[in-house]
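Understanding the architecture of this molecule
Single-letter residue listing:
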Amino acid sequence: MAYTEEELKKELETKEYEYGFYTDIESDTFPKGLNEDIVRAISQKKEEPEWMTAWRLEAFAQWKKMEEPEWANVHYEKPNFQDISYYSAPNKKPKYDSLDEVDPELLDTFKKLGISIDEQKKLAGVAVDIVMDSVSVATTFKKTLAEKGIIFCSISEAIKEHPELVKKYIGSVVPAKDNFYAALNSAVFSDGSFCYIPKGVRCPMELSTYFRINQAGTGQFERTLVIADQSSYVSYLEGCTAPSRDENQLHAAVVELIALDDAEIKYSTVQNWFPGNKEGKGGVFNFVTKRGLCERNAKISWTQVETGSAVTWKYPSCILKGDHSVGEFYSIAVTNNFQQADTGTKMVHLGKNTKSTIISKGISAGKSQNSYRGLVQIGSRAENARNFSQCDSLLMGNECGAHTFPYIEAKNKSAQIEHEATTSKIGEDQIFYCNQRGIDTEKAIALIVNGFSKEVLNKLPMEFAVEAQKLLEISLEGSVG
Amino acid sequence: MLKIENLHARVEEKEILKGINLEVKPGEVHAIMGPNGSGKSTLASVIAGREDFEVTEGSISLSGEDLGDLDPEERAHAGVFLSFQYPVEIPGVTVTNFIKAAINESRKAKGLEDMPANEMLSKIREKSSLLEIDRKFLSRSLNEGFSGGEKKRNEIFQMAMLEPKLAILDETDSGLDIDALRIVANGVNKLRSKDNAIVVITHYQRLLDHIVPDHVHVLYNGKIVKSGTKELAFELEEKGYDWIKAENE
């Protein structure tokens, strides 16, 4: 990549999402509330085929029967699902030939995000499908990908252009009735990304999507579907930002990954949604269902850096169905002020000789609560399944909490499961030592936190790792008095 | 260079330093000796600005600049370096990354840009060979799993990199075998110049065989009770601290 670390750093500095800003673009927004007509209207708005409308309606029917889960170690005022607008799209439909035609305000937003299409084009090797308030506005590098037979587009487009793939795989890993939020998402998802890598193809670039919640009071329901056909490889990056708002915003995304025989998917996320202010007001509710299915000898790696959101409820998981398949989960979750995170993973071993690794790093500051919740499940036919889990917690101050909830269910005696956990606290001695070397306290904390998180940061693609480090610093700013 | 006048300091209600006077000129090496609990390490911490201690009276200045109101990092930027008796571990942060951060933060405080990578690299090479430090050592996590000798050598390496005006070596000899002591002491001697000053805090005379001081002070019960040349260290070694205690009871 012809991009030096310095340049990246400079570019990242322009991403001042910690200050919060939002774009004033006329939006085509539905009235608040949810019923069958709204579901139908969303489907119609997106010019979906009938089978998709039927699928949404079925999901909606399931959702109505379900209750919001309460088992997570988080406390919040439940959203009123009838007080949310379920569809919002930038008004001026985006079929632009050049950047000059794009709404200048939108471009300005991109600039603030540090991801102007302009710059993205220069960022050789990264194709970006930008999701701005639910509708994909721009997709670049499509041509290069098309030459390899790779499909990378919005899910709406995929529903129209590649119905056979979508029909076959949507809901195959996360069924509509899987859980409350997944059902809601299935009924009302507005847009998201779709990616298909054909047999034997190694995707030549990191595929990247930036999400952004923009319209006040609009829930964001993203749907992502990634299919890696036999012996293919793809690395997918997902990054999120949101403007500051004094109102809780609901986000309930579903991500499904399918890795067919011998395929590999690497899915990296840097999540930096508005966490609420210092008093714990506002902030995004993030209830996400992410799951991947591994066929024979396939591998799925989830890497996540979670710094934002007021409430996070998220467990990227792997179903290791095929023999010799591999699942990995690397996570850094930072909570500060009044943030609450209940995050972790599920590794479900079904096939023989399946292997999973879990490395979770939780950092708690302020009055926040940070929980790791993980399930390692070994099925009766999963001979010689192996798992290694490591959960480390780092505490800052005396008012935060770190919790670990590891669940292990083994139905096969040949399974080998290891679990390690540590809890440490940033000590005054460490801070003074850094201070004495000329490093101020904020920088010292960043340094210690980066060291603590290193094993996971190292798993991120380079440009993401730089952003993630920066984010860790921003997230913990002012966490020591 | 370093001027301490009538320094009183306490931790919580307990007064530990009870009126210290000390002047160290550029190019000089001073040794501060004394029995356990006499206030040696407290003096080092107070000069470095540790907040656990409250200065109740007196002043500390470096090259005419009063350090009293400065934070620990500002004192470091002003040129104060403390080699810790017990260096802390920072897992996941390599020796190299740590020293880079330290140097660049100090530069930032002076309004300078980060040190260019190649300059940093050659400086690291130069200083590590000066102190006989293996290149592999530099990519290990700071002090994690280090032997006593490695920890102290790392402290002196940082001192070499940061080039402070005033270096305080707090019990640098503790936990070192003879070979490690020699390497560390040689390193310190190579760093001596007419522009910097070194304060060596130690129990024992043996370190002073290697780092020869211009002045020796004996600290007892929060006060400097005796000052002299290096001969004083020999005398102490011979007579033991009871001699001092007896004189001051």
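**Things to note about helix H9 (residues 180-188) of chain A**
Owing to its 3.6 residues per turn, the α-helix brings residues three or four apart onto one side. Residue and element names in this part refer to chain A. Burial of H9 is extensive: eight of the nine residues sit out of reach of the surface. Of all the residues in H9, the buried ones are Tyr181, Ala182, Ala183, Leu184, Asn185, Ser186, Ala187 and Val188. Elements in contact with the buried residues of H9: helix H2 (36-45), helix H3 (50-65), strand E8 (223-228), strand E11 (254-259) and strand E13 (284-294).

**Overview of the sheet that holds strand E11 (residues 215-220) of chain B**
Residues and elements named next belong to chain B. The strand order across the open sheet built from six strands is E6-E9-E10-E3-E11-E12, with neighbouring strands paired in mixed fashion. The two strands at the open ends of the sheet, each matched to only one other strand, are strand E6 (80-83) and strand E12 (223-228). Looking at each pair of strands side by side, their axes are set apart by 20° on average, direction ignored.

**Describing the interface of chain B and chain A**
Every contact between the two is made by 21 residues of chain B and, on the other side, 16 residues of chain A. Among the secondary structure elements, those contributing two or more residues to the side of chain B that touches chain A are helix H2 (72-78), strand E7 (90-94) and helix H3 (95-109) of chain B. No other element matches the five residues that H3(B) contributes to the side of chain B that touches chain A. By residue class, the composition of the side of chain B that touches chain A is 13 nonpolar, four polar and four charged.

**Notes on the sheet that holds strand E4 (residues 54-62) of chain B**
All names here are of chain B. Spatially, the four strands line up as an open sheet ordered E2-E1-E4-E5, and their pairing is antiparallel. Two strands bound the open sheet, and with one partner strand each, they are strand E2 (14-24) and strand E5 (65-66). Pairing of strand E1 (residues 2-11) with E2 involves eight bridges; the strand directions are antiparallel. Looking at E2, one finds that Ala9 is bridged to Leu17. Sheet contacts for helix H1 (residues 40-48): E1, E2 and E4; angle to E2, the most-contacted strand, approximately 70°.

**Section: the environment of Tyr181(A)**
Residues and elements named next belong to chain A. Within the secondary structure, Tyr181 sits in helix H9. Among the residues examined, Tyr181 registers 24 C-beta atoms within 10 Å and is labelled buried. Here the alpha-carbon distance between Tyr181 and Ala252, two residues 71 residues apart in the chain, equals 5.9 Å. The residues touching Tyr181, leaving out its near neighbours within four places in the chain, are Ala252, Phe287 and Thr289.

**Considering the pairing of strand E17 (residues 326-335) of chain A**
All names here are of chain A. For E17, a buried count of nine out of 10 residues is recorded, marking the element as mostly surrounded by other parts of the structure. Two strands pair when backbone bridges link them, and strand E14 (residues 299-306) and E17 are joined in this way by eight bridges, in the parallel orientation. By the bridge assignment, Val305 is partnered in E17 with Ile332. The sheet contact formed by E17 and strand E19 (residues 355-364) spans 10 bridges and is parallel. For Ser331, the partnering residue across the bridge sits in E19 and is Ser360.

The rules behind each value
- Residues numbered from 1 in each chain as written.
- Chains lettered and ligands numbered in written order.
- Predicted model: local features only at pLDDT ≥ 70, side-chain atom pairs only at ≥ 80, totals over all residues.
- Buried ≥ 20, exposed ≤ 12 C-beta atoms within 10 Å, placed from the backbone.
- Helix = DSSP H or I, 4+ residues; strand = E, 2+ residues; numbered from the N terminus.
- Contact = placed C-beta atoms within 7 Å.
- Pairing = 2+ DSSP bridges.
- Axes fitted to C-alpha atoms, helices over the stretch in contact; angles between N-to-C directions.
- Nonpolar A, V, L, I, M, F, W, Y, C, P; charged D, E, K, R; others polar.

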